[in-house]
Number of protein chains: 2
Amino acid sequence: MSRISFGKTAVIGVGLLGASVALALRESGLCGMIHGYGRSEDNLRRAKERGIIDEYRLSAREACADADLVLLSTPVGVFKSMAEEIKEYLKEGALVTDVGSIKGKMVSALEELFSGRARYIGSHPIAGSDTSGIDEARADLFRAARCIVTPTERSDSSALESIVSLWETLGARVEIMDACRHDAIYGAVSHLPHLVAYALVNTIGTAGEDYIEYAGQGFRDTTRIAMSSPELWRDVSLHNRENLLRLMDLFGDALDTLRRRLEENDAAGLESEFSKARALRKKIEER
Amino acid sequence: MSRISFGKTAVIGVGLLGASVALALRESGLCGMIHGYGRSEDNLRRAKERGIIDEYRLSAREACADADLVLLSTPVGVFKSMAEEIKEYLKEGALVTDVGSIKGKMVSALEELFSGRARYIGSHPIAGSDTSGIDEARADLFRAARCIVTPTERSDSSALESIVSLWETLGARVEIMDACRHDAIYGAVSHLPHLVAYALVNTIGTAGEDYIEYAGQGFRDTTRIAMSSPELWRDVSLHNRENLLRLMDLFGDALDTLRRRLEENDAAGLESEFSKARALRKKIEER
C-alpha cells in the first residue's frame, strides 16, 4: 500500500457516506483541510461543529477550489450536473472519485466530463444501506467493507493507484471491476432486493390495514432495506434501469415457478425450489 | 393468570419449538414428566441426554399415554395423520395444542378429529423462524413473543383458559384470534415473505454464477428466512395455498407498479411508491 496524502479534500454532499469518508480521512491523517458542500446550510453547519469538515461552502465550485481530492457523495442523480458545474473550477489534475451505487455508463460519462481537467476514477464502497445523514457517520464505516473501484482503459494509472490506496487506508477491501459488470452484479444483489422489499411492504399495506402490526422478525429483516432513502433508490433504479428490468423478469420467473408448484399442489417441486434457494443462501454464511 | 399444572406432558415432535416448550415447561415447574416422540431415535436420545425430555418413545401412542397435555410440534403436514394415530390412546379430556404456523381449516379439522376424546385448542407461538433442531432450543424462546390462540365456537372454555395460561406462564403475549383471520394475516406478513425470499435467492442463482459472492448486508437480511426449513415451508405454503395465491397476485401487482414506473422513467412515481413503503415499514420500528 503506497502512502498517499492530499492537501485539501472537497466533499460534495455531506451525508452518511461523505461525512464518514471525511471522518476516516481525518483519522488516517491522509489529508489537510476538508471543505464540504451541500444543499442544506444547516446540515453543513452541524458537520462543521462536529469536526467532520473544516469549512463549508454554499457553492460547489468554491468548495472544490484548490482541492487535490474531490469526493462526489451527493445522490447519484446529480453526479453529472455537479460534474458539469465544477469541472472548470477544479485544480489541474485533481483526483475525483465518487461513492455511487451506480457505475456502468455513469463512469464513462463522468470520465468524459472531467477529461482534460481532472482525473476521475469511479468507486463504490459497499457501506451504509438503510441509514442516512451525518448522525450515522463513522470513521470506521469502511473498515473491512468491500469497495469496488472501476477504472476504464482511459484511466490514469497513478490516479487509480491513489484511489485504491485511499480506500485501503480507510480500511476497505478494494476490488477492481469493469463498471458494467458492477451494475449487473449489484443490480442483482442490491438494487433488485430493494425493489422487492419496497413491493413487499406495499403488498402488506394493500392486503389488510392492520396486518403490519403482526409483522415479526422475519418480515422485519426481509424489509429492513425498504426504509432506505426513496430519493437515493429512485436514482439508482433509474440509472440501472435496463439491468433492473431484466432482473425483475428473472425474479418474476422465479416467483411464477413457485406459484405454479403451489397451484398444482406439487409438494416435491415446491420443496425442491426452497431447498435450492436455501443451499445457495447458506453459501453466504459459510464464507 | 391462573396457576395451572400438568402431571405428564407429551411432546410430539422434538425440534426447536417442541424442545423449547419442554425446556420452558420444566423451568416454570408447570409439569411433571415430559415424554417425547419423534422420527429420529438419535435426536430423541440427545434430547433426553440434555434433559429436555425425561423419556422418549418411538411410538406416538405410547408417548401420549396418560398425558394431561399433548403438544403437536411436528411439521404441520403430519398434524392430521398424527391426530388420527393418537386419538384413541389419549387420556379422556386431555388438553391438546399445537405450535403450527397454519390455523384456519387445520384447526377445525383437528378439533373434529379430537372431539369426544380430547380438548384441542390451536396455538401459534411466533418464534423460531430460520433456525431448527434441539441445539437451538431455549427455555426463553417464548419470552415476550406473541402467541396467537385460536379457539372456535365449540372450544371448551376451561381448555382455552389453560392453554392461554400455559403460554402466558412461558412468557408469551397471548392474542385470541379467529383461525381464518390468522391465516390471512400470517400469509401476508410471514408466508409470502418466505416465498419472496426463496424466489429472490433463486433469481440471483440464475442471474450470474458468482453474484452471490457480492451479496452484502441488505441481501443477507432480505433473504435470511430463505434458510428456513424447506419441508416446513412446503407444508405451510400448501396449507395456506388459497391465501398465498391471492397474496402472490397482490405482490405481483405491487411489483408491476414499480416495473411500469421504471419502464416509463417515471421518477416521481417511483419515489412515491418507495416513500409509501418506507412510511409503512417505519411503523414497525416505532411500536
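Residues numbered from 1 in each chain as written. Chains lettered and ligands numbered in written order. Predicted model: local features only at pLDDT ≥ 70, side-chain atom pairs only at ≥ 80, totals over all residues. Heavy atoms only, no water.

Student: Quick rundown of the relation of the copies chain B and chain A? Include the residues and the values.
Tutor: If you rotate chain B by 180 degrees and push it 0.0 Å along the axis, it lands on chain A with an RMSD of 0.0 Å. When the rotation and shift are considered jointly, the pair of chain copies conforms to a two-fold rotation axis. When C-alpha distances to the rotation axis are compared across chain B, the minimum falls at Thr 222 of chain B, with a value of 1.8 Å. Comparing contact sets, 100% of the residues at the interface of chain B also lie at the interface in chain A, consistent with an isologous, same-surface contact. (Least-squares fit on C-alpha atoms with pLDDT ≥ 70 in both. Contact = heavy atoms within 4.5 Å.)

Student: Before we move on, could you go through unusual backbone geometry and cite the residues and values that matter?
Tutor: A positive phi is found at Asp 66 of chain A, a non-glycine position, where the angle reads about 65 degrees. Mapped onto the elements of the fold, Asp 66 of chain A is located in the loop between helix 3 (60-64) and strand 4 (69-72). With a phi close to 65 degrees, Ala 144 of chain B is a non-glycine residue in the positive phi region. Tracing the chain through its elements places Ala 144 of chain B in the loop between strand 7 (122-125) and strand 8 (146-150). On the basis of relative accessible area, Ala 144 of chain B is assigned to the exposed category, the value being 54%. (Helix = DSSP H or I, 4+ residues; strand = E, 2+ residues; numbered from the N terminus. Buried < 20%, exposed > 50% of the residue type's maximum accessible area, 1.4 Å probe, protein only.)

Student: Give me helix 1 (residues 16-28) of chain B: which residues, what numbers.
Tutor: Residue and element names in this part refer to chain B. Between its terminal C-alpha atoms helix 1 stretches 18 Å, which fits the 18 Å expected from 13 residues at 1.5 Å a residue. For helix 1, the buried fraction is high: 10 of the 13 residues fall into the buried class. Against strand 1 (6-12), strand 2 (31-37), strand 4 (69-72) and helix 6 (157-169) lie the buried residues of helix 1. The positive-phi residue at the C-terminal boundary of helix 1 is Gly 29, with phi of around 70 degrees. (Expected span 1.5 Å × (residues − 1).)

Student: I'd like a description of the interface of chain B and chain A, backed by residues and values.
Tutor: Size of an interface, as often reported, equals the accessible area lost when the parts are brought together. Taken together, the contacts link 79 residues of chain B with 79 residues of chain A. One can count 10 salt bridges joining chain B with chain A. Salt-bridge contacts for Arg 181 of chain A lead to Asp 210 of chain B; the nearest nitrogen and oxygen are separated by 2.7 Å. Put simply, chain B and chain A have 30 residue pairs in polar contact (both at pLDDT 80 or more) between them. Contributions of two or more residues to the side of chain B that touches chain A are made by strand 8, helix 7 (179-207), helix 8 (217-223), helix 9 (230-239), helix 10 (241-263) and helix 11 (267-286) of chain B. Top element by residues in the side of chain B that touches chain A is helix 7 of chain B. It accounts for 20 residues. Looking at the side of chain B that touches chain A residue by residue, the class counts come to 44 nonpolar, 13 polar and 22 charged. (Salt bridge = Lys/Arg side-chain N within 4 Å of Asp/Glu carboxyl O. Polar contact = N/O pair within 3.5 Å; in protein donor to acceptor, adjacent residues only side chain to side chain. Nonpolar A, V, L, I, M, F, W, Y, C, P; charged D, E, K, R; others polar.)

Student: Give me the confidence of the model for chain A: which residues, what numbers.
Tutor: Regions with low pLDDT should not have their predicted coordinates read in detail. For chain A, per-residue confidence averages 95 on the pLDDT scale, and 98% of positions sit at 70 or higher. Both confidence scores are given for the complex: pTM 0.90, ipTM 0.90. (pLDDT = per-residue confidence, 0-100.)

Student: Provide a residue-level description of the packing of helix 4 (residues 79-86) of chain A against helix 5 (residues 104-114) of chain A, including the pertinent values.
Tutor: Residues and elements named next belong to chain A. At a closest axis distance of 9 Å, the pairing of helix 4 and helix 5 adopts a crossing angle of 10 degrees. Considered as vectors, helix 4 and helix 5 are oriented roughly parallel to each other. Packed against helix 4, whose contacting residues are Phe 79, Lys 80, Ala 83, Glu 84 and Ile 86, the element helix 5 presents Met 106, Ala 109, Leu 110, Leu 113 and Phe 114 at the interface. Its residues assigned to classes, the contact of helix 4 with helix 5 comprises eight nonpolar, no polar and two charged. (Axes fitted to C-alpha atoms, helices over the stretch in contact; angles between N-to-C directions. Parallel < 35°, antiparallel > 145°, perpendicular 65-115°, else oblique.)

Student: How would you explain the sheet that holds strand 3 (residues 55-57) of chain B if you had to name every residue and give the values?
Tutor: Residues and elements named next belong to chain B. The strand order across the open sheet built from six strands is 3-2-1-4-5-6, with neighbouring strands paired in parallel fashion. Of all strands in the sheet, those with a lone pairing partner are strand 3 and strand 6 (119-120), marking the two edges. Relative to strand 5 (residues 95-98), strand 4 runs parallel, the two sharing four bridges. When the bridges of strand 5 are listed, Leu 71 appears paired with Thr 97. Packed onto the sheet, helix 6 meets strand 1, strand 4, strand 5 and strand 6 and runs at close to 50 degrees relative to strand 5. (Pairing = 2+ DSSP bridges.)

Student: Lay out the side chain of Thr 97 of chain B in plain terms, naming residues and giving numbers.
Tutor: Residue and element names in this part refer to chain B. Looking at the element boundaries, Thr 97 is found in strand 5. Owing to a relative accessible area of 0%, Thr 97 belongs among the buried residues under this scheme. Only 2.6 Å separates the side chain of Thr 97 from the side chain of Ser 123, close enough to count as a polar contact. Ignoring sequence-local partners within four residues, the contact set of Thr 97 consists of Val 70, Leu 71, Leu 72, Tyr 120, Ile 121, Gly 122, Ser 123 and Ile 163.

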